[in-house]
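What follows is each chain in one-letter form.
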Amino acid sequence: MKRFANKTVLVTGGNSGIGLATAAAFAREGARVIITGRDQATLDQAREQIGGATLALRIDQGDIGAAKELAAQLARQGITLDALFVNAAVAKFAPFDSIDAALWDQTFDINVKGAYFTIQALTPLFNRGAAVVLNGSINAHIGMPNSSVYAASKAALISFAKTLSAELLERGVRVNVVSPGPVTTPIYGRLGLAPGQLDAMVASVVGQIPLKRFGTPDEVASAVLFLSAPESAFVVGTELIVDGGMSQL
C-alpha cells in the first residue's frame, strides 16, 4: 500500500523546486495534495504536472492574514491535514555591509514570521499523528559569506522544530526540519547575484561538497516524506541534513 493513501498533505511553495518535487512525491505515494504559491501561472503548471486531485491555491506566505484565510478556506471544505511541509521561502544573498532593512524584512517576513503563523493557523486542522516538516538549510551551520540574513532565518526554523514539537506533542503532532545543502533549483537564479558572481559561487560551493555535485529536489523530497511518514513516528524535534556531506565531513 502507498504510504500516504487516504492522507491529505499541504506543501507551501509547492509550485517549483523542492516544493514541487515533494508535492509530486506525496502524490505518487497516494496523498491528496494541496500546494500554495505566489504565482498563479506556475501554480497552474505545477497542478498539471502533479496531476490527480491536486488543489493549488495562490497564497503569499509573508501575509499573516492570508495564512488565516487559507486555514478558513480549508476548514469550510472540511479538509484536515496529515502532513505539512513548510517550504516557501526567499533567498537573497549580499555582503554584510550592503544589507538593508528591506532585504531583512522581506526575508524574515516570509521565511520566519510567515512560516510560524502558517503553522499556527493550520494547527486546528491537524489530524492526530500529523507531521510538520520545516525546510531549513545548512547555511544555518556553515557561516557562508553573503548569507547572514538568509542563514539567520533558517536557524530560526531549526529552533522552531524543537520548541513547536514541545508545544504540539499533546495534539499528537510531530515537528522536524530537513536542511538541504546546495540543491539545483530555480532559487539560485533569484539570489540577487550578478551572473559572474553566481557562477563563481556555484564553482566554489561544488568544490566544498564531498560528493562533488549539487543535490536534486527529489533527494530532498525523499527526506521530507520519511519525516512525514509513520515510519518516523519516533523522530521528534530533530534536523535531517541532506547536503552530500558538505557540513559533515
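Everything numeric in this text was worked out from a predicted model, so none of it was measured. (Residues numbered from 1 in each chain as written. Predicted model: local features only at pLDDT ≥ 70, side-chain atom pairs only at ≥ 80, totals over all residues. Heavy atoms only, no water.)

This next bit is on the overall build of the protein chain. Counting secondary structure elements, the protein chain contains 8 helices and 7 strands. Over its C-alpha trace the protein chain gives a radius of gyration of 17 Å, about what one expects of a compact globule, namely 18 Å for 249 residues. Taking the principal axes of its C-alpha atoms as reference, the protein chain extends roughly 50 × 35 × 35 Å. The long-range share in the protein chain, meaning contacts at least 24 apart out of those at least 6 apart in sequence, stands at 72%. A total of about 11,300 Å² of accessible surface is found on the protein chain, and carbon and sulfur atoms cover 54% of it. Charge centroids of the protein chain, computed over 20 positive and 20 negative side chains, lie 6 Å from each other. (Helix = DSSP H or I, 4+ residues; strand = E, 2+ residues; numbered from the N terminus. Rg over C-alpha atoms; globule rule 2.2 N^0.38 Å. Contact = heavy atoms within 4.5 Å. Areas by Shrake-Rupley, 256 points an atom, 1.4 Å probe, with all protein chains shown as cover. Lys, Arg positive; Asp, Glu negative; His and termini not counted. Charge placed at Lys NZ, Arg CZ, Asp CG, Glu CD.)

What the 7 strands build is an open sheet, ordered 3-2-1-4-5-6-7; its pairing is parallel. Each edge of the open sheet carries a strand with a single partner, namely strand 3 (55–58) and strand 7 (239–242). Between one strand axis and the next, the sheet turns through 20° on average, direction left out of account. Sheet strands touched by helix 3 (residues 64–76): strand 1 (8–12), strand 2 (32–37) and strand 3. Its angle to strand 3, the strand with the most contacts, is close to 145°. Along the sheet face, helix 8 (residues 217–228) touches strand 4 (81–86), strand 5 (126–135), strand 6 (174–180) and strand 7 and points at about 165° away from the line of strand 6. (Pairing = 2+ DSSP bridges. Axes fitted to C-alpha atoms, helices over the stretch in contact; angles between N-to-C directions.)

Working note: α-helix, 3.6 residues per turn, so residues spaced by three or four point in the same direction. For helix 4 (residues 101–122), with 22 residues, the first-to-last C-alpha span of 29 Å sits near the 32 Å given by 1.5 Å per residue. Approximately 40° is the largest bend angle found in helix 4, and it occurs at D109. Of all the positions in helix 4, only L103, T107, F108, I110, N111, V112, G114, A115, T118, I119, A121 and L122 are classed as buried. As for helix 4, its buried residues are in contact with strand 1, helix 3, strand 4, strand 5 and helix 6 (148–168). (Expected span 1.5 Å × (residues − 1). Bend = angle between axes of the 7 residues up to and from the residue. Buried < 20%, exposed > 50% of the residue type's maximum accessible area, 1.4 Å probe, protein only.)

What follows concerns the side chain of K154. Looking at the secondary structure, you find K154 in helix 6. Buried and unpaired, K154 has no salt bridge, with E239 as the nearest side chain of opposite charge at 10 Å. Residues within four places of K154 in sequence aside, it is in contact with A89, N111, N135, G136, S137 and A140. (Salt bridge = Lys/Arg side-chain N within 4 Å of Asp/Glu carboxyl O.)

Moving on: the packing of aromatic side chains. Summed over the entire model, instances satisfying the criterion amount to 5 aromatic pairs. Aromatic side chains W104 and F108 sit 4.5 Å apart centroid to centroid with 10° between the ring planes, which places their arrangement in the stacked category. Residue W104 and its partner F108 are both found in helix 4; the two are separated by 4 residues, about one turn of the helix. Judged by its relative accessible area of 41%, W104 falls in the partly exposed class. Looking at F108, the relative accessible area reads 19%, which means it is buried. Consider the rings of Y116 and F160, whose centres lie 5.1 Å apart with planes at 55°: the pair is tilted. Remark: F160 occurs in helix 6 and Y116 occurs in helix 4; sequence separation between them is 44 residues. Its relative accessible area of 31% is what places Y116 among the partly exposed residues. The class of F160 is buried, set by a relative accessible area of 13%. Three or more aromatic residues joined by ring pairs form one cluster here, namely Y116, F117 and F160. (Phe/Tyr/Trp six-rings, centres within 6.5 Å; stacked < 30°, edge-to-face > 60°.)

As enumerated under the stated definition, the model contains 6 salt bridges in all. Between R3 and E29 there is a salt bridge; the shortest N-O distance is 3.3 Å. Separated by 26 residues along the polypeptide, R3 in the segment before strand 1 and E29 in the loop between helix 1 (17–28) and strand 2 bring together distant segments of the chain. Classification of R3 by relative accessible area gives partly exposed; the value is 30%.

A separate point is helix 8. The first and last C-alpha atoms of helix 8 sit 16 Å apart over 12 residues, in line with the 16 Å expected at 1.5 Å per residue. All of the buried residues in helix 8 are P217, V220, A221, A223, V224, L225, L227 and S228. Of the surrounding secondary structure, the elements contacted by the buried residues of helix 8 are helix 1, strand 4, strand 5, strand 6 and strand 7.

This part covers the packing of helix 1 against helix 8. Angle between the axes and distance between the axes are the two parameters that describe a pair of packed helices. At a minimum axis distance of 8 Å, the contact between helix 1 and helix 8 shows a crossing angle of 55°. One finds that helix 1 runs oblique with respect to helix 8. The way helix 1 lies across helix 8 gives a crossing that is right-handed. Of the residues in helix 8, those touching helix 1 at G17, I18, A21, T22, A25 and F26 are P217, D218, V220, A221, V224, L225 and S228. Split into classes, the residues belonging to the contact of helix 1 with helix 8 amount to 9 nonpolar, 3 polar and 1 charged. (Parallel < 35°, antiparallel > 145°, perpendicular 65-115°, else oblique. Left-handed = near helix turned anticlockwise from the far one by under 90°. Nonpolar A, V, L, I, M, F, W, Y, C, P; charged D, E, K, R; others polar.)

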